[in-house]
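Residue strings, one per chain:
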Amino acid sequence: MKCNLMHKNIPVMSFEYDDISGSITRLYETYSTEHLPVGVICANGVIDRYDINRWWTARAIPMSRDGLIDILYTLGINVVTPLLGKNYGLSLSDQYWICPENSGITWDKVNFFDNAFSEDFGDVLIGNSDSTKDINFMSPDITSGGWLKKKWKIVDDKRVLFKGGSKPFQQEPYNEAFASTVMKRLGIPCVQYSTALIDGKPYSICEDFIDRDTELVTAYEIMKSKKQPNHISKYEHYINCCKELGIDNIQEFLDKMITIDYIIVNEDRHLNNFGLIRNAETLKYVGIAPIYDSGSSLWFNSPDTQIKAGAREAVCKPFKDNHADQIKLVSSFDWLDFDKLYGIDEELNEILKSSEFISDERRSTICNALTARIDILMGIAEQNMKYTNINEIGNDVTEDIAYSGGQQEQIF
Ligand SMILES: Nc1ncnc2c1ncn2[C@@H]1O[C@H](COP(=O)(O)OP(=O)(O)OP(=O)(O)O)[C@@H](O)[C@H]1O
Ligand SMILES: [Mg+2]
């Protein structure tokens with residue numbers, strides 16, 4: 001089937017689409033290289049077919065999504081990419097989609113920002129329905145990222161993301177709510193999360209921070225679009241890329257992101273968990289995405305005994321592979337008012353209290369560990385220990401973690 005890759009109403013390229021495998025088998029014409037997805041390889045106007053397929057298949061739910069393999073089995077498929085054509089590849093995080101040639105379909109008629117969408121597939125994904133018969137796949141849930149169970153819903157005309165937690169503690173939704181509370185206190189731009197129970201399981205709830213005019217461009221895509229010189233650290237490379245795009249206050253933002261991740265011991269700030277926002281028509285970068293996805297934190301999957309003993313070395317991303325080093329990248333703590341964190345442990349206690357999956361003992365262990373963590377940060381901020389050479393690349397995160405476990409098995 002011949003299709004156009006579209007960016008809202010702008011045709012980007014035409015190609016042959018194989019809807020059985022969900023892949024791009026042949027490239028025809030290129031209409032706009034500027035509107036290509038950020039990071040897709042295009043040399044001298046020639047788009048790399050492997051790379052555009054990499055980008056396209058990464059739009060689908062990652063195979064690592066909790067419960068996905070069983071759902072695909074009931075659908076009679078073993079990879080997720082064939083589903084991508086069923087919602088035209090439309091998403092609620094950006095403005096790309098594919099339009100079959102001569103179909104007469106327009107972005108205005110199909111986009112999920114202005115038009116209602118089906119919740120059938122989202123309900124199957126979160127385990128709210130086990131019927132995969134006669135599903136209406138016109139849903140942004142085919143193109144949502146991340147490994148946790150989730151679904152989009154329209155509530156009071158707003159696009160809202162419901163996201164679950166993981167076994168055994170189901171702690172992530174509460175962590176999201178807590179992280180946004182801390183960031184609100186500290187004046188850090190962030191997505192606000194609340195929590196709710198569905199069928200006895202906790203979910204975090206947040207509004208879409210993208211609208212019909214804008215889109216999220218992740219740090220992964222931004223950093224991929226420019227070669228990182230060997231003598232430049234990952235952190236410095238990201239700053240350079242953002243500055244080139246006109247985002248001058250990126251270092252102040254990173255100071256805050258690294259600090260909040262230190263406080264909550266975030267283990268999953270990979271390169272798809274932060275980024276910039278651009279206008280999809282003008283391509284102008286309009287700002288930094290508010291902080292989202294902070295749930296894999298606060299020892300979310302550690303047994304209480306390990307938290308107590310401080311035994312488990314927390315994973316750290318995206319720049320350094322341990323938090324003690326990453327916090328040294330913060331250029332200034334002048335903005336950080338520790339008085340604003342007064343009583344934050346009690347607030348965490350209140351939030352975690354609503355969980356049936358977290359024992360009283362675990363709750364108090366986590367709250368105590370958080371207090372200890374803030375004390376350590378106070379010492380660090382007082383000493384203001386920094387890297388003397390910001391391009392020291394020792395302990396840089398090396399693995400391409402943005403897509404770990406998330407890549408689709410596919411033959412291009
Ligand atoms: N509020 C939002 N508005 C727009 N897009 C969002 C929003 N929240 C999440 N997204 C998009 O959905 C993706 C998946 O969401 P999220 O990162 O919260 O899920 P996750 O399962 O926790 O992911 P991970 O695998 O990184 O732990 C994000 O990477 C982002 O592209
Ligand atoms: Mg994520």
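This is a predicted model, so every value here is computed, not measured.

The N-to-C vectors of helix α5 (residues 172-186) and helix α8 (residues 250-264) enclose an angle of 130°; their axes lie 11 Å apart at closest approach. One finds that α5 runs oblique with respect to α8. For the pair α5 and α8, the sense of crossing is right-handed. Two secondary-structure elements touch here, α5 through Asn175, Ala179, Val182 and Met183 and α8 through Ile260, Ile263 and Ile264. Split into classes, the residues belonging to the contact of α5 with α8 amount to 6 nonpolar, 1 polar and no charged.

Spatial strand order, β7-β8-β10-β9: 4 strands in an open sheet with antiparallel pairing. Across the chains shown, the open sheet's two edge strands, defined by having one partner strand only, are β7 (150-155) and β9 (194-198). Across this sheet, the average inter-strand angle for adjacent strands is 35°, counted without regard to direction. Taken together, the 5 bridges between β9 and strand β10 (residues 201-207) define a ladder with antiparallel strand orientation. Bridged to serine 194 within β10 is isoleucine 205. Against the sheet, α5 contacts β8 (158-163), β9 and β10, and its axis sits at roughly 35° relative to β10.

So, how was this worked out
- Residues numbered from 1 in each chain as written.
- Chains lettered and ligands numbered in written order.
- Predicted model: local features only at pLDDT ≥ 70, side-chain atom pairs only at ≥ 80, totals over all residues.
- Axes fitted to C-alpha atoms, helices over the stretch in contact; angles between N-to-C directions.
- Helix = DSSP H or I, 4+ residues; strand = E, 2+ residues; numbered from the N terminus.
- Parallel < 35°, antiparallel > 145°, perpendicular 65-115°, else oblique.
- Left-handed = near helix turned anticlockwise from the far one by under 90°.
- Contact = placed C-beta atoms within 7 Å.
- Nonpolar A, V, L, I, M, F, W, Y, C, P; charged D, E, K, R; others polar.
- Pairing = 2+ DSSP bridges.

Function cannot be read off these values alone, since they describe shape.
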